[in-house]
Amino acid sequence: MFGSGHLGAADYSTWEVYGGDPGNSKYSSLRQINRGNVSRLVPVWSYASAKGAELFSSSELQLNPIIVDGVLFGRNPLHEVFAIDAATGKELWTFDPFASKAGLLGSYMRGLSFWRDGDEQRLFFNASQSMYALDARSGKLIDSFGKGGKVDLRQGLGREPEKISVYSPSPGVIFEDLIILGSAVTEGEGAAPGDIRAYDVRSGELVWTFHTIPHPGEFGHHTWPENAWRSAGGANAWAGMSVDTERGVVYAPTGSPAPDFDGSGRPGANLFGNTVLALDARSGKRLWHYQAVHHDIWDRDLSSAPSLVSVNKDGKTIDAVAQPSKQGVLYLLDRDSGEPIFPIAEVSVPPSQVPGENAWPTQPRVTLPEPFTRQAFTPDQITDINPQAAAHVRELYEASQAFAYMRPVGLQPTILFPGFYGGANWGGGAFDPGSGSFFINATETAHRVSISPLEIPAGDKPGFGGFVYRKHCAGCHGLEFEGFYPYAPPLSGVSERSGKAEARQIIVQGRGRMMPFGHLPPHEREAVIEYIFRADREGRSSPAEPPAGTGTETETVYLFNGYVDFLDDRGYPANKPPWGTLTAIDLNTGKRRWQVPLGEYRELSAEGLPPTGTLNYGGPIVTAGGLVFIAASSDGKLRAFDTDDGAVLWEYQLPAAGYSTPATYRIGGRQYLVVVCSGGKLGTPSGDQYVAFALPPVNGRDE
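Since the structure is predicted, the reported quantities are computational estimates derived from the model, not experimental observations.

Colleague: In this structure, what is going on with the overall build of the protein? I would like to understand it.
Modeller: Each helix and strand in the protein was counted, giving eight helices and 42 strands. At 24 Å, the protein has a C-alpha radius of gyration in line with the 27 Å of a compact globule built from 703 residues. Counting only C-alpha atoms, the protein reaches 85 × 60 × 55 Å along its principal axes. With 703 residues in all, the protein has 61% of them scored as buried. Summing over all exposed atoms, the protein offers an accessible surface of approximately 24,700 Å²; the carbon and sulfur share of this is 50%.

Colleague: Before we go on, may I ask you to explain the environment of Leu-279 in this structure?
Modeller: Tracing the sequence through the fold places Leu-279 in strand β21 (residues 275-280). Sequence spacing of Leu-279 and Gly-539 is 260 residues, and the spatial spacing of their C-alpha atoms is 53 Å. Setting aside residues no more than four positions away along its own chain, Leu-279 makes contact with Ile-196, Trp-208, Phe-210, Gly-248, Val-249, Val-250, Gly-284, Lys-285, Arg-286 and Leu-287.

Colleague: Explain the pattern of salt bridges to me, please; I cannot follow it from the model alone.
Modeller: Opposite charge on two side chains allows them to pair when their charged atoms are near. Per the stated rule, a full pass over the model turns up 25 salt bridges. Here Glu-91 and Lys-51 are joined by a salt bridge, their closest N and O atoms 2.8 Å apart. Taken together, the positions of Glu-91 in strand β6 (residues 91-95) and Lys-51 in the loop between β2 (42-48) and β3 (66-68) put the pair 40 residues apart, joining distant regions of the chain. Among the residues examined, Lys-51 registers a relative accessible area of 51% and is labelled exposed. Linked by salt bridges that have partners in common, Asp-244, Arg-247, Asp-319, Arg-335 and Asp-336 make up one network.

Colleague: I'm lost on the nonpolar core in this one. Help?
Modeller: Soluble globular proteins: nonpolar side chains tend toward being buried together. Of all hydrophobic cores here, the largest spans 73 residues; its most connected members are Leu-41, Trp-45, Leu-72, Phe-73, Phe-629, Tyr-690 and Phe-693. Considering each element in turn, this core owes the most residues, six residues, to strand β41 (residues 670-679). Listed in part, the 30 residues of the second largest apolar core include Val-249, Ala-278, Ile-297 and Val-349.

Colleague: Looking at this model, I keep getting lost on helix α3 (residues 465-472). Mind explaining?
Modeller: An α-helical turn contains 3.6 residues, so a residue and the one three or four places further along point in the same direction. The buried fraction of α3 amounts to seven of the eight residues, a majority that puts the element mostly inside the structure. Among all positions in α3, only Gly-465, Gly-466, Phe-467, Val-468, Tyr-469, Arg-470 and His-472 are buried.

Colleague: Explain the sheet that holds strand β22 (residues 286-291) here, please?
Modeller: Sheet strands pair via backbone hydrogen bonds, and the direction of the pair is either parallel or antiparallel. With antiparallel pairing, four strands are arranged side by side in an open sheet as β18-β19-β21-β22. Edge positions in the sheet fall to β18 (242-244) and β22, since each of these pairs with one other strand and no more. Looking at each pair of strands side by side, their axes are set apart by 15° on average, direction ignored. Pairing between β18 and strand β19 (residues 249-253): three bridges, direction antiparallel. Within β19, the residue paired with Val-243 across the bridge is Val-250.

Cut-offs used in this document
Residues numbered from 1 in each chain as written. Predicted model: local features only at pLDDT ≥ 70, side-chain atom pairs only at ≥ 80, totals over all residues. Heavy atoms only, no water. Helix = DSSP H or I, 4+ residues; strand = E, 2+ residues; numbered from the N terminus. Rg over C-alpha atoms; globule rule 2.2 N^0.38 Å. Buried < 20%, exposed > 50% of the residue type's maximum accessible area, 1.4 Å probe, protein only. Areas by Shrake-Rupley, 256 points an atom, 1.4 Å probe, with all protein chains shown as cover. Contact = heavy atoms within 4.5 Å. Salt bridge = Lys/Arg side-chain N within 4 Å of Asp/Glu carboxyl O. Core = buried A, V, L, I, M, F, W, Y, C linked by side-chain atoms within 4.5 Å. Pairing = 2+ DSSP bridges. Axes fitted to C-alpha atoms, helices over the stretch in contact; angles between N-to-C directions.

By themselves, these are just geometric observations and shouldn't be taken as functional.
Dropping the structure here:
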């Protein structure tokens, strides 16, 4: 059922690569399903990938499946890999990398990588701290790859492997006989460095490494403290990459340095954090870079793989990189030089209120292409869904710092807009080469966050459980143990539902989205466990309150108070709708063509409000049939939009929300559309189904 030969330049009629093609365009030249007939699209098969097994409450299966010669390769929420007949959904094989599901890392799996040479075909996927290689025909481990079929991604980073956490949620990209990938790491002190690495697809041997925190003698080393390369972390390419197979260049976006909100220990611009990198795919040599955020203290990761596009400007065709961002803007850069296609101004931004912080005085500000979200939260943007909501939000708004572009999180509540979810998130956008249009979904909600001082016993930081909690745990689990939905569960009641031994295991090994914190010294682990259980039993959760008998000599540290959504009195976003959008941008002019809400809250529609859009996760695809297909919204619908005007031409209620990116392919003259329905986010139930759609035959024949 498989062909032969290397995966080379993009074939827009197949879906053999995550994102549709090596350039991550998410475009298909198939047109059997088109504007005129999409309303007749029907489900033709479904596959329950977990086969009835109990699912995690937040499975976050964000997968864009790949289809090779009639076979669909995917994952299920339990980390298993499978192959099914892409025309019928019939299972061909499954592979389970784990004997036990306890403590699994990275439930947010996004895809697989496929490589072939002649009759040899391999699949690569990441699970927990390892990269695996399977025979694509049989689903068996390839023992000659790495050690017994896998490579430990913690190795080779210059740190003690057992004390760092590394996982790669996005699949690696294939170039010739290399697989190139980044990683996800923890976001606090002690995080692993975000090195980008290339491995031999046959042996699993490391071929090259690019240090995103430059070592002595490397470009960018001067933008960090002298010895930061030994201990600093982050600046990692967790969101995926794109490859220009003709140029032999890999384009990698990176995230923020760690800790996310404390730059006091890393003065400087901090290259290559928050940067689009162009690297020689054969050697890892830096060709150019563009830093979107200097000295990030906002967690403004470049959160999706870029799309390789072509732009017609001033009578010339320019090959470019289109990089979406959480800030709701698109960085459009020349593919050869890294120069912006449209000028990007460097503007002054407010200083930090936090003593010791080294906020950078200027930041890039994109005006073209036009932003795909609002760029300011001014008083006129306060929600207007009803008077009570508006009054509640206005009171909080007026107690916050005045909104300003890239204002550092301060001691007074600070409004971050767009918030931590984006703008754009990991789903990225889709590019139609025929029209030059880029289609991007986005979330438009705010966070209201702050930093506060904490007095700790001088010289006794490690032994202070409340301090350790504030430093490493409160950002996600909350100052009052309330949790950060949907990422981190609340800790209130933890002393009744689990024991200290289980807590100790979770801290050391990690679970779900929580990476291991093996780098914490044992006495810090024990101090924070004792603190959490004691505070929970006593009915308080005030990490700033020191235990009795600590003495009076203290020192002051400044810590982030956690990811706090800015919401109205009923839990809806504080700003005016739309809260979720789909936007079309003409890359030739930089102008928006249209923008429409994406998703609806049915209870608000019942109150007479027009569709507000919802928070959304996942991405679009675009086809030559004039259609944009996207699920992503929390209402659990898959929709087809007209590329010309954004009109909804078809929609289908999925068995669980599709926080994923669809794929489309052709078998035997019939075009299929498939989407993963995993739910598990935004208050929606978890699921495991893959659902495929096609047009019904006409007079017994495909159209």
